[in-house]
There are 2 protein chains.
Amino acid sequence: MSYAALEAHHKRLANLRHTEAIVSWDEAAVMPAGGGEARADALATLRGLIHELATEARLADWFAAAEAQAGTLDAWQAANLREMRREWTRATALPHELVEAQSRAETRSEQAWRTLRAENDWQGYLPHLREVVALKRQAAQALGAKLGLEPYDALLDGYEPGARSRDFAPLFARLRAFLPSFIERVVERQQRDVVIAPRGPFPVEAQRALGLRLMKQVGFDFERGRLDTSHHPFCGGVPQDVRITTRYDAADFQKSLMGVLHETGHAKYEQNLPRSWLQQPVGAARGMSIHESQSLFLEMQVCRSHAFLVFAAPHLREAFADAARAEPAAFSVDNLARLATRVRRSYIRVDADEATYPCHVVLRFELEKALIDGSLRAEDVPDAWDAAMRELLGLSTGSNHRDGCMQDVPWPAGLFGYFPTYTLGALTAAQLFRAARDTISDLEAHIASGDFSALDAFMRERVWSQGSRLSTGELIRGATGKPLDTAAFEAHLAERYLGGASA
Amino acid sequence: MSYAALEAHHKRLANLRHTEAIVSWDEAAVMPAGGGEARADALATLRGLIHELATEARLADWFAAAEAQAGTLDAWQAANLREMRREWTRATALPHELVEAQSRAETRSEQAWRTLRAENDWQGYLPHLREVVALKRQAAQALGAKLGLEPYDALLDGYEPGARSRDFAPLFARLRAFLPSFIERVVERQQRDVVIAPRGPFPVEAQRALGLRLMKQVGFDFERGRLDTSHHPFCGGVPQDVRITTRYDAADFQKSLMGVLHETGHAKYEQNLPRSWLQQPVGAARGMSIHESQSLFLEMQVCRSHAFLVFAAPHLREAFADAARAEPAAFSVDNLARLATRVRRSYIRVDADEATYPCHVVLRFELEKALIDGSLRAEDVPDAWDAAMRELLGLSTGSNHRDGCMQDVPWPAGLFGYFPTYTLGALTAAQLFRAARDTISDLEAHIASGDFSALDAFMRERVWSQGSRLSTGELIRGATGKPLDTAAFEAHLAERYLGGASA
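Because the structure is a prediction, the values reported are computed rather than measured.

J.: Summarise the overall build of chain A; cite the residues concerned and give the values.
T.: Within chain A, the secondary structure is distributed over 21 helices and 3 strands. When its C-alpha atoms are laid out on the principal axes, chain A stretches across 70 × 55 × 45 Å. By residue count, 50% of the 503 residues in chain A fall in the buried class. For chain A, the proportion of contacts with a sequence separation of at least 24, taken over those separated by at least 6, is 73%.

J.: Hey, could you go over the interface of chain A and chain B for me, with residue numbers and the actual values?
T.: Between chain A and chain B, the residue contacts involve 28 residues of the former and 28 residues of the latter. Contributions of two or more residues to the side of chain A that touches chain B are made by α1 (2-29), α2 (36-54) and β1 (225-229) of chain A. If one sorts the elements of the side of chain A that touches chain B by residue count, α1(A) sits on top with 8 residues. A breakdown of the residues in the side of chain A that touches chain B according to their chemical character gives 12 nonpolar, 8 polar and 8 charged.

J.: Just give me the short version of the environment of B:T428, but keep the residues and values in it.
T.: Residue and element names in this part refer to chain B. With respect to the element layout, T428 can be found in helix α17 (residues 420-439). When the C-alpha positions of T428 and S289 are compared, they lie 7.8 Å apart, and in sequence the two are 139 residues distant. Residue contacts for T428: discarding those within four places in its chain leaves S289, I290, S293, I476 and L484.

J.: Give a description of the packing of helix α10 (residues 253-271) of chain B against helix α11 (residues 288-303) of chain B that names residues and reports values.
T.: All names here are of chain B. Two numbers describe how α10 lies on α11: the axes approach to 7 Å, and their chain directions differ by 135°. In this view, α10 runs oblique relative to α11, as classed from their interaxial angle. Our pair here, α10 against α11, has a crossing hand that is right-handed. Judged by residue contacts, M258, L261, H262, E263, T264, G265, H266, K268 and Y269 of α10 engage H291, Q294, S295, L296, F297, L298, E299 and C303 from α11. Considered class by class, the residues forming the contact of α10 with α11 number 7 nonpolar, 7 polar and 3 charged.

J.: Outline the sheet that holds strand β1 (residues 225-229) of chain B, supporting the account with residue identities and numerical values.
T.: Residues and elements named next belong to chain B. With mixed pairing, the 3 strands of this open sheet are ordered in space as β1-β3-β2. Pairing within the sheet leaves two strands with one partner each, and these edge strands are β1 and β2 (235-238). Sheet twist, expressed as the mean angle between neighbouring strand axes with direction ignored, is 20°. One ladder, built from 4 bridges, connects β2 with strand β3 (residues 241-246); its direction is antiparallel. Bridged to G236 within β3 is R243. Lying on the sheet, α10 is in contact with β1, β2 and β3; it crosses β3 at an angle near 165°.

J.: Tell me what's going on with the sheet that holds strand β3 (residues 241-246) of chain A, and back it up with residues and numbers.
T.: The strands making up a sheet associate through hydrogen bonds between their backbones, and the pairing can be parallel or antiparallel. All names here are of chain A. Taken in spatial order, the 3 strands of this open sheet run β1-β3-β2, and their pairing is mixed. Strands at the two margins of the open sheet, each flanked by one partner only, are β1 and β2 (235-238). Here the average twist between neighbouring strands, direction ignored, is 20°. Seen against the sheet, helix α10 (residues 253-271) touches β1, β2 and β3 and runs at an angle of roughly 165° to β3.

J.: Break down the environment of B:E106 for me, citing the residues and quoting the values.
T.: All names here are of chain B. Among the secondary structure elements, E106 is positioned in helix α5 (residues 96-118). Along the chain, E106 and G481 lie 375 residues apart, while their C-alpha atoms are 40 Å from each other. Those residues in contact with E106 that lie beyond four places of it in its chain are V132, A413 and G414.

J.: Could you give an account of the confidence of the model for chain A, with specific residues and numbers?
T.: Per-residue pLDDT for chain A averages 95, and the proportion of residues at 70 or more is 99%. Predicted complex, confidence summary: ipTM 0.91, pTM 0.92.

J.: With reference to specific residues and values, describe the relation of the copies chain A and chain B.
T.: When chain A is brought onto chain B, the operation consists of a screw motion whose angular component is 180° and whose axial shift is 0.0 Å, with 0.0 Å RMSD remaining. Here the two chains are linked by the operation of a two-fold rotation axis. Distance from the rotation axis, computed per C-alpha, reaches its smallest value in chain A at A:V23: 3.2 Å. Most of the interface of chain A is mirrored in chain B, where 100% of its interface residues again form contacts.

J.: Would you mind going over helix α2 (residues 36-54) of chain B in detail, with residue names and values included?
T.: In this model α2(B) runs 26 Å from its N-terminal to its C-terminal C-alpha over 19 residues, within 8% of the 27 Å that 1.5 Å per residue would give. Extensive coverage of α2(B) is indicated by the burial of 16 of its 19 residues.

J.: Can you lay out the environment of B:K146 for me, pointing to particular residues and giving the numbers?
T.: All names here are of chain B. Looking at the secondary structure, you find K146 in helix α6 (residues 122-147). Given 14 C-beta atoms within 10 Å, K146 falls into the partly exposed group. For the pair K146 and L475, spaced 329 residues apart in sequence, the C-alpha separation works out to 26 Å. Excluding its chain neighbours within four sequence positions, the residues that come into contact with K146 are T89 and A93.

J.: Got a sec to walk through helix α9 (residues 204-218) of chain A? Specific residues and values, please.
T.: Residue and element names in this part refer to chain A. Relative to the 21 Å expected for 15 residues at 1.5 Å per residue, α9 spans 21 Å between its end C-alpha atoms, a close match to the ideal helical length. Looking at α9, one finds that the buried residues are Q207, L210, G211, L214, M215 and V218. Along the long axis of α9, the arc covered by the buried residues comes to 135°, so they all point the same way. Projecting away from the buried face of α9 at angles above 90 degrees are the exposed residues E205 and K216. Its buried side turned inward, α9 meets β1, β3, α10, α11 (288-303) and α12 (306-319). Just downstream of α9 lies G219, where phi reads positive at about 110°.

J.: If you had to explain unusual backbone geometry to someone new, which residues and values would you point to?
T.: Residue A:P201 is bonded to the preceding A:G200 through a cis peptide linkage, with omega at 0°. Mapped onto the elements, A:P201 comes out in the loop between α8 (165-190) and α9. Even without being glycine, A:N120 reaches a positive phi, approximately 55°. Of note in this structure, B:D442 is not a glycine but carries a positive phi near 65°. Residue placement: B:D442 occurs in the loop between α17 and α18 (443-448). Note on B:D442: 11 C-beta atoms within 10 Å, which makes it exposed.

Thresholds applied
Residues numbered from 1 in each chain as written. Chains lettered and ligands numbered in written order. Predicted model: local features only at pLDDT ≥ 70, side-chain atom pairs only at ≥ 80, totals over all residues. Helix = DSSP H or I, 4+ residues; strand = E, 2+ residues; numbered from the N terminus. Buried ≥ 20, exposed ≤ 12 C-beta atoms within 10 Å, placed from the backbone. Contact = placed C-beta atoms within 7 Å. Nonpolar A, V, L, I, M, F, W, Y, C, P; charged D, E, K, R; others polar. Axes fitted to C-alpha atoms, helices over the stretch in contact; angles between N-to-C directions. Parallel < 35°, antiparallel > 145°, perpendicular 65-115°, else oblique. Left-handed = near helix turned anticlockwise from the far one by under 90°. Pairing = 2+ DSSP bridges. pLDDT = per-residue confidence, 0-100. Least-squares fit on C-alpha atoms with pLDDT ≥ 70 in both. Expected span 1.5 Å × (residues − 1). Arc of directions from axis to C-beta.

See the structure below:
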């Protein structure tokens with residue numbers, strides 16, 4: 001039974017990927033710097049080996065035989081077979097020497113970036129970027145040739161199956177047309193708001209305790225996951241043991257808190273994937289735009305809403321009792337809501353609000369596409385960055401590379417083709433929230449009372465439990481009743497930022 | 001060049017073992033309990049795969065060709081070839097299904113033991129022990145047949161290459177004859193000592209900070225290692241990134257502190273192995289009795305000495321300022337030295353003093369040898385344990401399995417044949433310390449001033465830098481001038497416990 005053999009093989013692969021996920025988490029969250037060189041080597045060998053197993057010659061026969069028996073498979077098995085073939089097709093497009101070389105270059109580049117960014121050392125970082133891009137272009141060309149795709153789309157397809165630049169280009173164009181004047185109006189309007197910044201320090205331990213408390217309330221399962229600290233916040237690990245990270249700023253609790261809730265959105269998706277399929281491709285999260293929709297749903301749609309802050313404000317006051325006593329008005333629900341929805345044109349993507357965020361993504365999408373196409377060279381990235389920042393957000397980065405083209409971890413880590421999924425995820429999150437509001441009566445009252453059970457049931461049924469059974473398009477249509485567009489996102493922005501006083 | 005091919009192959013294996021070491025550390029130190037089942041599966045697959053690679057058929061030809069060219073190899077390469085063959089011979093004795101089955105059973109057994117021990121649930125634990133022993137006996141028989149050894153010795157040889165039960169039986173017999181009356185005399189003598197127990201609580205954070213401080217002072221390299229918390233203290237990770245763990249008791253700082261220094265002894269060995277050979281078998285630590293000698297050298301010979309406590313006492317008083325103010329006499333050097341050298345017949349091995357410790361080891365050695373020989377069944381372990389405890393230490397465990405046969409992690413984790421290395425390590429540590437004292441003038445003054453550079457230079461030259469180049473016997477003879485015996489250990493005990501007032 002070839003299908004069964006394929007399942008057994010993929011269980012083995014899932015087990016090895018489990019070890020890879022934990023070792024990667026360790027590398028980012030706890031490894032001392034001196035262990036980095038040996039770790040880069042170790043991860044490269046492990047990934048090379050996984051790639052060898054994922055491309056074993058005997059799989060070709062198993063696929064042929066399993067597809068010949070496809071009529072005997074149920075819907076989940078058939079979808080699993082489709083996903084297995086998808087992975088296999090991608091894996092066999094790359095020689096495993098290239099996979100190992102990429103892993104080694106990317107782990108080293110990310111490690112080097114951590115200190116070089118802090119030192120604003122573009123010249124030190126450039127050779128790393130150059131090497132990572134050169135290897136990624138090789139991979140993109142090999143994948144593109146195999147899949148019949150443009151090289152950049154071949155990378156994109158690895159993060160968001162089925163996504164093509166030309167398909168979402170109209171959505172991005174619409175945002176480009178809509179956002180600049182919208183941002184202008186919001187910034188002007190918010191100038192009239194009185195916003196009181198809570199004054200710290202906010203001790204890291206108190207921030208962490210508050211984060212853990214709210215994670216628990218919104219449904220993170222600590223029996224199967226952890227919260228730790230890392231340079232760049234992420235959600236890693238495996239569905240059975242999800243590792244999210246954050247970083248703390250003693251002067252500002254909001255960044256870490258919203259970051260933790262964002263990663264918790266990712267984590268809830270992982271923790272609620274279909275349990276009986278966890279070790280098979282069909283049991284995995286659908287793709288990164290759906291993944292981002294889950295983090296943005298929780299952070300942007302739920303946790304930055306006035307209703308959520310009604311629930312959260314007492315917890316904040318308790319966690320930061322000194323600050324709240326010193327300035328009670330800073331911890332009023334209205335003030336917290338104004339803080340959570342402040343729109344500002346700024347340099348740093350990960351700190352950006354939801355209105356300016358798509359501008360950061362469009363910039364990166366255009367630049368990384370040009371890097372992969374070969375029309376932009378690594379050494380010209382700072383100038384291109386500066387030009388795009390001026391155009392999109394009216395800001396110049398100049399030689400402040402730390403807050404410019406060196407600010408983000410995805411490129412140092414080799415994640416080219418990933419950025420568009422952030423904005424596709426934001427559009428999806430808005431569309432999902434609209435559908436949830438149409439389905440659950442009094443949704444805001446639920447949120448204000450800290451009760452997320454109806455929302456979770458909605459998401460479990462329509463998204464989480466589906467794993468990768470459906471395509472992204474089918475999943476979105478099934479969950480929201482229509483294909484992805486920008487309408488719900490635009491309506492959400494208009495309502496939140498131009499609707500009531502500041503709600 | 002077959003030798004070069006073997007080196008490349010072993011570099012690959014070392015990289016995979018690096019990932020295994022990190023995933024194992026994670027399992028013990030940070031993994032949430034709910035991740036355990038998936039982790040057991042993942043580790044089993046990884047270990048099975050490492051075993052497959054370690055036994056690839058093509059290696060036989062490479063070994064034959066490399067050994068034919070042995071004349072062209074330098075001393076390190078020749079020793080490396082010998083160690084590679086040793087590993088290969090052991091690995092090929094076991095079918096990889098058995099390796100995976102052992103890994104799965106042992107990971108699950110250890111996970112189950114963590115809660116079952118706390119609940120004193122022998123009946124719940126018995127099936128795990130039975131399965132682990134059954135698989136271990138299969139492995140021992142297969143290894144024994146291949147190596148021409150008794151099954152138990154075949155396991156022992158995996159932890160301490162070249163060690164045979166019959167060779168150290170006379171040493172163990174000598175300890176059995178010497179210790180009971182010695183312990184009797186010491187206990188009687190110490191009854192006259194006035195010992196003041198420092199009164200806590202000793203906050204965990206203060207204990208941790210003190211541990212980190214002393215680790216740094218005695219030479220732990222934090223650029224290439226960490227201190228964390230786990231159920232059972234251990235030293236894991238890889239030489240480039242050594243992970244030691246401890247556990248804290250707010251009522252007693254001494255246990256954790258001495259535990260940390262003990263593991264630091266292991267860690268210093270790993271961190272000082274020959275760097276250019278770290279990814280080859282010859283670059284690894286020689287064996288577990290030398291490893292234990294390093295932890296016991298630091299803990300027992302150095303850190304429990306009066307001289308070390310002269311150095312450490314001010315740090316202790318600073319760390320536990322409230323307790324030291326409340327009862328200054330408890331923090332005098334003499335009192336701390338009496339606390340650090342208290343001899344008591346007790347149930348728990350890991351808390352035992354150095355005089356009673358060998359009794360715990362002899363007990364476990366006799367029982368595990370019988371379990372592997374088949375002359376003792378798993379269900380009869382509690383009775384056998386109770387009988388041996390009465391005979392060796394005059395204590396009855398009865399149905400207190402938690403503090404009896406369920407107290408230790410090695411059996412739940414499948415480490416049969418490991419226990420003797422603790423006592424061989426204690427004898428080696430005493431012999432090494434005697435040699436160091438003969439070599440370094442004024443050694444005690446160095447220690448009392450917190451200067452470990454001469455001791456480190458001694459150990460680096462004679463032990464750490466040697467990796468696995470020499471056999472254990474050659475290493476001990478080279479470092480101390482004679483083969484291992486009990487004389488230095490006995491003299492150390494007599495001097496410390498029957499010599500001066502309490503030094």
